[in-house]
Structure formats: C-alpha cells, structure tokens
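# Overview (structure and organization)
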Amino acid sequence: MTGKQCQKMLAAFLCAALFLSLWGCGKKLEKEKGKAVEYTICQEQNLPGMLKKTLEDKKEKPGTFTWKNSMYTYLVVCYGRQKYSGYSIRVEECTMRKESLYLRTQLIGPSAGEPVTETETFPWIVVRCDRTEAICIIEP
C-alpha cells in the first residue's frame, strides 16, 4: 500500500469513528428521560423565612436558583417583571436523571377573553422536593 492509500484509509476510518460516536451520543440523550420526582408547589406563606427574603430580592429579574434546608431542596424560577396580571406557571417536568435533579417550567399568559389588569406582576414558582445532593438543573 502506498502512503496516499494509507492516509485515505485512515481518514475514512476516523470519519466513520466520529460519525458512530456522535450517533451514539444522540441515542443516549434521546433515551434519558429520568425518573419522576414527587414535588410540592409552595405558596409564599409556606416558604422558610430566608428563602422568602431571597425570593423577594430576586423576583424582579428572570432567573433560577436553588435553596436547601435540612429536609428539602427548593427549586425556584422567577420570570421577572410582567406588564399584566393573569400569568400562571406550569411544571412541565420534574425528574431525576442519573446524578441531577431536573426541572422544566413554562410561563403561561392570560387566556383569551380572560380579564387582565395592566399592572406589574412578578410571576414565580417554588417547587419543593426531598433534600438531595444531586446537581439541580432548572429550565424556565
């Protein structure tokens, strides 16, 4: 075999290996759904004092954070300043994936025909789960 033939074979082998490795990663990501986690949506009056203060300080800007005490892990999503009333938040997914607790939520605007008030609101949600040391991933 000549040097050019070896180079072509090596290049073809590397391309095939790269393709197979990328294809395998895609399959793993598709299959990883996670195990459903039991959770409670907390009302403001049921929040621990320190968490309530932190939420009050952060709710005006969109963002996420976690807060833990000895019993629970709290996953917090703030959607920031909105111009109207009538928003709600839905939990789309709360699952344990390998070594991470995953939360995905969705902000839902007022329904068609629903009366709204033009007033500033700061939609947020606090999801409480049993305490975990897993990495928390939150997608608003």
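Up top you'll find the structure we're talking about.
First, a word on what this report is: a plain description of the structure on this page. (Residues numbered from 1 in each chain as written. Predicted model: local features only at pLDDT ≥ 70, side-chain atom pairs only at ≥ 80, totals over all residues. Heavy atoms only, no water.)

## Concerning the sheet that holds strand 3 (residues 62-68)
- Pairing is antiparallel across the open sheet formed by four strands, whose spatial order is 2-7-4-3. Each edge of the open sheet carries a strand with a single partner, namely strand 2 (40-41) and strand 3.
- In this structure, strand 4 (residues 72-79) lies alongside strand 7 (residues 124-130), joined through seven bridges in antiparallel fashion. Within strand 7, the position partnered with Val77 by the bridge is Ile125. (Pairing = 2+ DSSP bridges. Helix = DSSP H or I, 4+ residues; strand = E, 2+ residues; numbered from the N terminus.)

## A closer look at the pairing of strand 6 (residues 100-108)
- Bridging between strand 5 (residues 88-97) and strand 6 involves nine bridges; their strand directions are antiparallel. Within strand 6, the position partnered with Ser88 by the bridge is Ile108.
- In this antiparallel pair of consecutive strands, strand 5 and strand 6, the connection spans two residues, and Lys98 shows a positive phi of 50 degrees.
- Where strand 6 and strand 8 (residues 135-139) come together, five bridges link them in parallel fashion. Looking across to strand 8, one finds that Leu103 is bridged to Ile138.

## Topic: the pattern of salt bridges
- Within the structure shown, the criterion is met by nine salt bridges.
- Two residues, Arg104 and Glu92, come together in a salt bridge whose shortest N-O distance is 4.0 Å. With Arg104 in strand 6 and Glu92 in strand 5, the pair connects residues that are twelve residues apart, well separated along the chain.
- A relative accessible area of 29% means that Arg104 is categorised as partly exposed. (Salt bridge = Lys/Arg side-chain N within 4 Å of Asp/Glu carboxyl O. Buried < 20%, exposed > 50% of the residue type's maximum accessible area, 1.4 Å probe, protein only.)

## A closer look at the packing of aromatic side chains
- Under the definition given, this model contains two aromatic pairs.
- A centroid spacing of 6.2 Å and a plane angle of 70 degrees characterise the contact between Tyr72 and Tyr74, whose relative ring orientation is edge-to-face.
- Joined through ring pairs, the aromatic side chains of Trp67, Tyr72 and Tyr74 make up one cluster.
- One residue, Lys58, lies across the ring of Phe65, its end atom 5.0 Å from the ring centre.
- Taking the ring centre of Tyr102 as reference, the NZ or CZ of Arg97 above it sits at 3.9 Å. (Phe/Tyr/Trp six-rings, centres within 6.5 Å; stacked < 30°, edge-to-face > 60°. Lys NZ or Arg CZ within 6 Å of the ring centre and 35° of its normal.)

## Thoughts on unusual backbone geometry
- With phi around 50 degrees, Lys98 is a residue other than glycine that occupies positive phi space.
- By the secondary structure assignment, Lys98 is in the loop between strand 5 and strand 6.
- You can call Lys98 exposed: its relative accessible area is 74%.

## A word on the sheet that holds strand 1 (residues 35-36)
- An order of 1-5-6-8 is seen for the four strands of this open sheet, with the pairing classed as mixed. Bordering the open sheet on either side are strand 1 and strand 8, each of which pairs with just one other strand.
- As paired elements, strand 1 and strand 5 share two bridges and run antiparallel to each other. Counted as the bridge partner of Ala36 is Thr95 from strand 5.

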